[in-house]
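Structural overview for review
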Amino acid sequence: MLGMRTALGAALGVMAAMSFAQANWKAVQRFNNSYLGQHVYSTSLTPGWINKTDQFWYSWRDASGVKFWRVDPKAKKKAPLFDSVRMAALLSEVSKKPYDTTNLPITTVTFDEKNDKLIRFVVEQVRYEYDADKDTLKSLGRVGAGEGTPPPPTGGQGGGRGGFGGGQGGQRGDFRNYSPDRKAYVYAQEHNLFLVEVVDGKEQPPIQLSKDGERDYSFGSRQAQGQQQQQQQEQQQEQQQEQQQQNQQSRETRVRANVTWSKDSKRFYVTRFDSRKVKELFLVNSLTEPRPSLLTYRYAMPGEAEVTQSELFVYDPAKKELTKLPVERYKDQRISDLHWQDTSSDKLRFVRRDRLQRNLEFCEMDLTTKKAEVLLTESVNNAFLEVQNVRYVKPGGDFIWFSERTGWGHYYLYGNDGKLKHPLTSGPWRANNIVDVDADQGQMWVVGTGREPNENPYYRHLYRVGLDAKGLTLLDAGDADNSTTLSTTKKFAVNVRSRTDMAPEAVVRDDRGNVILELEKTDLSRLYEAGWKMPETFRVKAADGINDIYGNMWKPFDFDPKKKYPIIAYVYPGPQTESVTTGFSAVNTTQRLAQLGFIVIQIGNRGGNPARSNAYHSFGYFNLRDYGLADKKAGIEQLAARHPWIDIDLVGIYGHSGGGFMTAAAMLVPPYNTFFKAGVSSAGNHDNNVYNSNWSEQHHGLREVAVTATQTGGGANTGRTPPSDEVIPGYAGFFDDEEEPQFQTGTGATRFDIKVPTNHEVAANLKGRLLLVHGDMDNNVHPAGTIRLVNALIKANKRFELVMLPGQAHGFGTMTPYFNQKMMEWFARYLLGDREPADVDMIVGN
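Residues numbered from 1 in each chain as written. Predicted model: local features only at pLDDT ≥ 70, side-chain atom pairs only at ≥ 80, totals over all residues. Heavy atoms only, no water.

Broken down by element type, the chain carries 15 helices and 46 strands. Relative to its 846 residues, the chain shows a buried fraction of 53%. Expressed as a percentage of contacts within the chain between residues at least 6 apart in sequence, the contacts between residues at least 24 apart total 61%. A total of about 37900 Å² of accessible surface is found on the chain, and carbon and sulfur atoms cover 49% of it. (Helix = DSSP H or I, 4+ residues; strand = E, 2+ residues; numbered from the N terminus. Buried < 20%, exposed > 50% of the residue type's maximum accessible area, 1.4 Å probe, protein only. Contact = heavy atoms within 4.5 Å. Areas by Shrake-Rupley, 256 points an atom, 1.4 Å probe, with all protein chains shown as cover.)

Structure representation (structure tokens):
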């Protein structure tokens, strides 16, 4: 009896808490994306370097219109790229169309290499050339196929290694993958590979290099491209007719092969993937006419014995044949970072990593002897082993290697023979990626996070350090997230900085990091006039009371600190990324949801992001379902303790994909299922045992065990059967370090074991109000995970709602506004006591 009174009292308390206000639909409808978008001007700036100089141009939009600027960092000056009034007049005269002086639609600006006063650009698919000295404009004709796209910024953004002609490019769809000397090319046809030599400008008869190609074991074919297009058509019906017409027009059966030539044109390498034994997965598209259609695709699941196998081939110029290289080391290994060094085609380098994704080797294969030398190895226990492509200081010289061997991601300098020289970066912070390396100057530029005190550890900064590991210099100081682009000579940098609660600012810095020229600040004046308010940032402690967790907060624009507001968390647990943004955005779904009458937050969790320590990143290893929930709950409780206007009795949660998985888990796993009162889970991977093998195995972890005699017969063991000593849920004691081999031997019969805790296992624990949403054509997170959860909820006699979005893949496409409206109505109903309008028609909008 006492329990009934307690439950009744709690229910009445919740109803009383919800009775103070109804959802503010007027604010939601007013502050939609379209309305706010009218008040937002430029929030980003991309420098376009002028030829090989440090000068650059950029465009910027503010309340007075779009302006084009030319900047000379050395002179510390910026000036108009041209007179906008005069340009509008010239364009109108040449094109016979009127143009607005304040909004010139100019794109794809380039400069003549010999005379930078000759400026070329595109306006509405027509090319023009402007002579700044003569003040004349002429039309160069309409844009051809493949033109009209702005080239990527140059200067300090170079690639990482040698190698030529990697596979999928080619001018205007040309199937010929030419050697650098243009004396031969390779193509694929009907899954096989062909070589054509060019002698005195004349093509010789094709040499067939392979004869065993077939579907799912292919070097390339028009059929394979057609299958990819078919999958896209199944998911994007509006493109189907146009794509079919293009297919009918194309009768060419040859396609560009994904081979990479050596610089000396003597050899090329190519990989082929064997998916013939990988089991198939299916989706039924009910929208195709006149009959529903079946989408079939190969899809390996966690722990399955049959996964895609990779093979590596090299073209032997002496024998004029393709040779398979003996690169096997681990069972079900993955090969990456294949590359030639510029100085020779006799040796090929690559990284091979085991299926556990906890061990790797960086190797060099001697193509004359077909023997591989291991240059270095990496290994880690109870964590995912991250790898980045090697970067050479100069061709054939030292190389730079990324490793988390100290628990933090840093770069190390090695001799070309694989012998360690010294760390280049070190300490309790993470070097994320290399921006540039200058062998002549003996310098390296890297983007790092977490080094600067009293800052959000996810704010990016650019650093310069000597290749002797001396002179580490911060080049874009300031408490903000930075996007910094080096100039051509690397003597200057364009720095755009912002935060969730700070509008973007753009400046030019010198090579010591000093600001030498202020460029732009995003104009928010009209946004503020419209009633818009800046979001806030916060920091709380994780459930351990030690680790800092970061987040963002949005309030209603009519916020009243005397009222109490339900709080809703938008979540994505990681592990490859968190849901917490660091840069500025004037328009987003979290902000719009807040206008209903909520406090809406993004909040991180241990295990959610690789940009911190490896220990932080790997917190959820072996427990992919539950690891982030404690930190979410602890963080929200701390916010409620700080702010009396947060109603801790009315907590909501929502997320997509991994966030959908976490949302449902929060509603199902005690004690979180009584803390969160309402949740919206979209496209959730509720059963990661039917998600793709790579992601689940990478982030949850698996073990390799010997197969006993009783397990080898019959083929019934899928590799996902839990061992007898497994404890469910949570894997307590499952992965014993003494039992688990950290290096695969490559010999003997073994299998892989994995069992990721699922949401449907705990469906009977549902307490709050749960909405499940999924696209029925999701070939990323298969709907089976959601359907299994639905099945378990029904069997447990639980109230919930399911919305299946027909024809939609992992993203909800044109049905996103409908989904957003459904989500807002769900929270309005169960956290504010608001009911849907009597009218059956939804009012949806962005």
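Picking up after the structure, the text goes on.
With that out of the way, let us pick up the side chain of Arg-256. Structurally, Arg-256 can be placed in strand β14 (residues 254-256). For the buried Arg-256, no salt bridge exists, and the shortest N-O distance to an oppositely charged side chain is 5.7 Å, to Asp-174. Of note is the side chain of Arg-256, whose polar atom sits 2.5 Å from the backbone oxygen of Arg-176. (Lys, Arg positive; Asp, Glu negative; His and termini not counted. Salt bridge = Lys/Arg side-chain N within 4 Å of Asp/Glu carboxyl O. Polar contact = N/O pair within 3.5 Å; in protein donor to acceptor, adjacent residues only side chain to side chain.)

Now for helix α11 (residues 658-668). A large share of α11 lies buried, amounting to 11 of its 11 residues. Residues of α11 that are buried sit in contact with α10 (629-642), β41 (646-656), α12 (672-675), β42 (678-682), β45 (769-775) and α14 (784-795).

The tendency in soluble globular proteins is for nonpolar side chains to be buried as a group. In terms of nonpolar packing, the biggest core is built from 43 residues, with Ile-567, Ile-599, Ile-601, Ile-636, Leu-639, Phe-676 and Leu-793 touching the most fellow members. Looking at which element gives the most residues to this core, the answer is α11, with 6 residues. Listed in part, the 29 residues of the second largest apolar core include Trp-25, Val-28, Val-803 and Phe-812. (Core = buried A, V, L, I, M, F, W, Y, C linked by side-chain atoms within 4.5 Å.)

What follows deals with the packing of aromatic side chains. Tallying each qualifying case throughout the model produces 36 aromatic pairs. Arranged with centres 6.2 Å apart and planes meeting at 65 degrees, the rings of Phe-31 and Tyr-35 form a pair that is edge-to-face. Using a relative accessible area of 7% as the deciding quantity, one classes Phe-31 as buried. Grouped by ring-pair contacts, the aromatic residues Phe-175, Tyr-178, Tyr-185, Tyr-187 and Phe-194 constitute a single cluster. The aromatic ring of Phe-559 is capped on one face by Lys-555, whose charged end is 4.4 Å from the ring centroid. Here the guanidinium or amino end of Lys-633 rests over the ring plane of Phe-675, the centre of that ring lying 5.3 Å away. (Phe/Tyr/Trp six-rings, centres within 6.5 Å; stacked < 30°, edge-to-face > 60°. Lys NZ or Arg CZ within 6 Å of the ring centre and 35° of its normal.)

What follows covers a nonpolar patch on the surface. A cluster of nonpolar residues, Phe-282, Val-284 and Leu-294, forms a patch on the protein surface that exposes about 270 Å² of accessible area. Counting through the fold element by element, Leu-294 comes out in strand β18 (residues 293-298). For Leu-294, a relative accessible area of 48% corresponds to the partly exposed category. (Patch = residues over 30% accessible without salt bridge, like charges linked within 9 Å, V, L, I, M, F, W, Y side chains within 5 Å.)

Below, the discussion takes up α10. Across its 14 residues, α10 extends 20 Å between first and last C-alpha, which sits within 8% of the 20 Å expected from 1.5 Å per residue. Among all positions of α10, only Leu-629, Asp-631, Lys-632, Lys-633, Ala-634, Gly-635, Ile-636, Leu-639 and Ala-640 are buried. (Expected span 1.5 Å × (residues − 1).)

Evaluation of the coordinates by the stated rule reveals 50 salt bridges. Residues Asp-116 and Arg-70 are paired through a salt bridge, measuring 2.9 Å at the closest nitrogen-oxygen approach. Remark: Arg-70 occurs in strand β3 (residues 65-72) and Asp-116 occurs in the loop between β5 (106-111) and β6 (118-123); sequence separation between them is 46 residues. Accessibility expressed as a relative area gives 25% for Asp-116, which makes it partly exposed. Here the salt bridges share partners, and the residues they tie into one network are Asp-112, Arg-120, Glu-129 and Lys-138.

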